[in-house]
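Structural description and commentary
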Amino acid sequence: MISYKEKIAEILAPHVDGLEKDEILDMLETPADSKMGDYAFPCFKLAKIFRKAPQMIAQTLAEAIGAESVFEKVENVNAYVNMFLSREEMAQEVVSEVIEKGDDYGRSNMGQGKKVIVEYSSPNIAKPFHIGHIRSTVIGNSIYKIYDFLGYDTIRINHLGDYGTQFGKMICAYRRWGNKEDVVREPIKSLLSYYTKFHVEAEKDPALEDEARAIFAKLEKGEPEEVELWKWFREESLKEFNRVYDMLGITFDSYNGESFYSDKMPAVVQELKDTRIVDELKEKGLLVEDNGAQIVKLDEYDLPPALIKKSDGSTLYITRDIAAAVYRKETYDFYKNIYVVASQQNLHFQQWFKIIELMGYDWADQCVHVPFGMVSLEDGTLSTRKGKVVFLLDVLNSAVEKTKQVMIEKNGPDADVDEISKQVGIGAVVFQELSNNRIKDYVFTWDKVLNFEGETGPYVQYTHARAASVLRNAGASAEAVISGEAAVDMSYVTSDTAYELIKLISRFPETVREAAEKYEPSVITRHIIDIAQYFNKFYHDEHILVDDEAEKQAKLALVCAAKQTIANGLGLLGIAAPEKM
């Protein structure tokens, strides 16, 4: 895989005493203005090493490396060495590599032999799979795909919210106001109505909260009637959830939720009591009893105390998360354990990460919380308790239906309209979720999610389909390029527009690595938007299917490389790349 930054660092290294290649690599910059070169090397840091003015060092370095074939020209501007790559050489290397590697362009084996767990989606059973869940679901799925693409042995876990005091409330509500027929017909909507009614009635009669807590305590003790109802709620909920996952093309390796670790929790509490590490924590006053409850004090780490087990013996999220992490390390021996969970849970993760560190687990720093901003409605926050939700299935179906209507209006009925409208409609929803920095909050509006104009998923998908159309129309010429039979001369595609497109394509592999390092799919989203924009500029600026066969093949090779890179980027976002639209 070509890395021009690494090439440049290798070229500079022999001329820069006192700096290792990796240090030079970190110092290399990409100028905002392409007139200042493709890469720039600042020489301020070298002044002490060479005992010369940075401007003089830049001039000496520019003269020393200017004859290298990788450069079209090298010049110094003040204290910078500005490097312009050879357009023809770069075009030849980049485009041929993309065509040769195809779906594997950008792929790496950097993660070989390392297990990465990605926990994402994780909805609560017996509650609606609403628009607020889409963030964890699609961000997590993309992070999984990115790490898998980089060669990590990646495991997808849907840590279902299938335990906790809310199930005492749900069972209480079902027994008072529910019936089996409604749950079988519309499981989530019926259970939501019961849950909403419970909170309305509990405001009038607080004794209902005590009744719900008592029911949950029975569930934890394994009482048959409570367990049977809980299992039924779980099964019916999963049927509904899988309708959404099927539409998104998302699958998991494990659905082990909080309940799976319920039998692991006593061991965790026992470990907190008895191990040498915890004895030390007791001496520091970090593990104490408080009115019969067990807490870990975290004051000296600027964190509030963490409740491990309540006075009635019931467990909490934090207890189960500790148990789950211990189980995963013992089972998978992970390199990273990534949790894609909303920023509202920042404190929760800080607390239990600190606790496993204090318990003596040297892998505590391998657990990573990837937070994201919250989704709200125009009239306020989402609230399951109040029944203020927008069902994710409704959003996806509406996007597909709108896309279908637009396609029929523009192109008339088509045999593939159902499949393409599904790819584009769902792609629009997912792309919007992944187009902005994940940490930003946003307000859900139907107009925004169903707007396909501008820098959207449909725009990028349409660009891919346009490239596919060009290749289809080129017939045998395109086939010769794609198969590698044609000896393509890339000197025909060195215009400014073509070169900017080639540079963006060349940076795709490092973009994927950056997205992994930052746990940020929007890095890829932004990059393929840029590729799509420059491809469309190339498409409009230059005639591709010219009479001269050598020139035509060179331009088709670039079309093929752009199409492939866009497809690979969309794939990492969990979005389809239609061949026609």
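Observations regarding the overall build of the protein chain
In terms of helices and strands, the protein chain carries 24 helices and 13 strands. Taken along its principal axes, the extent of the C-alpha atoms in the protein chain is 80 × 70 × 40 Å. The buried share of the protein chain, taken over its 581 residues, is 54%. A fraction of 74% describes how many contacts in the protein chain between residues 6 or more apart in sequence connect residues 24 or more apart. Working note: accessible area of the protein chain is about 25900 Å², and carbon and sulfur atoms make up 46% of it. Side chains of the protein chain give 68 positive and 94 negative charges; the mean places of these two sets differ by 4 Å.

Some points on the pairing of strand β10 (residues 367–370)
Side chains on a regular strand alternate between the two faces of the sheet. Both faces of β10 are covered, namely the face carrying Cys367 and His369 and the face carrying Val368 and Val370. As judged from the 4 bridges shared by strand β9 (residues 336–340) and β10, these two strands associate in the parallel manner. Within β10, the position partnered with Ile338 by the bridge is Val368. In this region the chain leaves β9, passes through helix α15 (residues 346–358) and returns to the parallel neighbour β10; the handedness of that crossover is right-handed.

Considering the packing of helix α16 (residues 392–411) against helix α17 (residues 417–435)
One way to put it is that α16 packs onto α17 with a least axis distance of 7 Å and a crossing angle of 125°. On the basis of their axis angle, the class for α16 and α17 is oblique. The two elements α16 and α17 meet at a crossing, and its hand is right-handed. The segment α16 lies against α17, with Val395, Leu396, Ala399, Val400, Thr403, Lys404, Met407 and Ile408 engaging Val417, Asp418, Ile420, Ser421, Lys422, Val424, Gly425, Ile426 and Val429. Across the contact of α16 with α17, the residue classes tally to 11 nonpolar, 3 polar and 3 charged.

Here's the deal with the environment of Tyr144
Position of Tyr144 among the secondary structure elements: in helix α6 (residues 134–149). Look at Tyr144 and you get buried, because its relative accessible area is 11%. Along the sequence, Tyr144 and Leu572 sit 428 residues apart, while their C-alpha atoms lie 8.6 Å from each other. Once residues lying within four places of it in the same chain are set aside, the contact partners of Tyr144 are Val118, Tyr120, Thr154 and Arg156.

Quick word on the pattern of salt bridges
Scanning the model with the defined rule gives 37 salt bridges in all. Among the salt bridges present, the one from Glu119 reaches Arg328, with a minimum N-O distance of 2.8 Å. Of this pair, Glu119 sits in strand β4 (residues 115–119) while Arg328 sits in helix α14 (residues 317–332), and the two are 209 residues apart along the sequence. Under the relative-accessibility criterion, Arg328 is labelled buried at 0%. The structure contains a network of salt bridges with shared partners spanning Glu6, Glu10 and Lys21.

Observations concerning the sheet that holds strand β2 (residues 71–77)
On the basis of which strands lie adjacent, the open sheet formed by 3 strands has the order β1-β3-β2 and antiparallel pairing. Bordering the open sheet on either side are β1 (39–42) and β2, each of which pairs with just one other strand. Here the strands of the sheet are splayed against their neighbours by 20° on average, with no regard to which way each runs. The sheet contact formed by β1 and strand β3 (residues 80–85) spans 4 bridges and is antiparallel. The residue of β3 that forms the bridge with Pro42 is Tyr80. In this fold helix α1 (residues 4–12) packs onto β1, β2 and β3, with an angle of close to 40° to the strand it touches most, β1.

So, the nonpolar core
Core analysis: the largest hydrophobic core is formed by 150 residues, its most contacted members being Phe41, Val81, Met83 and Ile338. Per-element tally for this core: the top contributor is helix α24 (residues 549–573), with 12 residues. If you look at the next biggest cluster of nonpolar residues, it comprises 28 residues, including Ile117, Ala306, Phe353 and Ala364.

Notes on the sheet that holds strand β5 (residues 153–157)
Read across the sheet, 4 strands follow the order β5-β4-β9-β10 without closing on themselves; strand pairing throughout is parallel. The two strands at the open ends of the sheet, each matched to only one other strand, are β5 and β10. Pairwise comparison of adjacent strand axes, ignoring direction, gives a mean angle of 20° for this sheet. Across the sheet, α15 lies against β9 and β10, angled at about 175° from β10, the strand it touches most.

Quick word on the packing of aromatic side chains
Scanning the model with the defined rule gives 23 aromatic pairs in all. Arranged with centres 5.7 Å apart and planes meeting at 70°, the rings of Tyr174 and Trp232 form a pair that is edge-to-face. With Tyr174 in helix α7 (residues 166–177) and Trp232 in helix α11 (residues 224–248), this pair connects stretches of sequence that are 58 residues apart. For the pair Tyr174 and Trp232, one class covers both residues: buried.

Thoughts on α1
Of all the residues in α1, the buried ones are Tyr4, Ile8, Ala9, Ile11 and Leu12. What you see down the axis of α1 is that its buried residues fit within an arc of 160°, all on one side. Where the residues of α1 are buried, they touch α2 (21–27), β1, α4 (54–65), β2, β3 and α5 (87–101).

A closer look at the side chain of Gln553
Structurally, Gln553 can be placed in helix α24. In this structure Gln553 comes out as buried when scored by relative accessible area, which is 13%. Those residues in contact with Gln553, other than ones at most four positions away along the chain, are Ser477, Ala480, Val481, Ala486 and Val488.

Scoring rules and cut-offs
- Residues numbered from 1 in each chain as written.
- Predicted model: local features only at pLDDT ≥ 70, side-chain atom pairs only at ≥ 80, totals over all residues.
- Heavy atoms only, no water.
- Helix = DSSP H or I, 4+ residues; strand = E, 2+ residues; numbered from the N terminus.
- Buried < 20%, exposed > 50% of the residue type's maximum accessible area, 1.4 Å probe, protein only.
- Contact = heavy atoms within 4.5 Å.
- Areas by Shrake-Rupley, 256 points an atom, 1.4 Å probe, with all protein chains shown as cover.
- Lys, Arg positive; Asp, Glu negative; His and termini not counted.
- Charge placed at Lys NZ, Arg CZ, Asp CG, Glu CD.
- Pairing = 2+ DSSP bridges.
- Right-handed = clockwise from strand over helix to strand, strands pointing away.
- Axes fitted to C-alpha atoms, helices over the stretch in contact; angles between N-to-C directions.
- Parallel < 35°, antiparallel > 145°, perpendicular 65-115°, else oblique.
- Left-handed = near helix turned anticlockwise from the far one by under 90°.
- Nonpolar A, V, L, I, M, F, W, Y, C, P; charged D, E, K, R; others polar.
- Salt bridge = Lys/Arg side-chain N within 4 Å of Asp/Glu carboxyl O.
- Core = buried A, V, L, I, M, F, W, Y, C linked by side-chain atoms within 4.5 Å.
- Phe/Tyr/Trp six-rings, centres within 6.5 Å; stacked < 30°, edge-to-face > 60°.
- Arc of directions from axis to C-beta.

Functional significance is not addressed by these values, which are geometric in nature.
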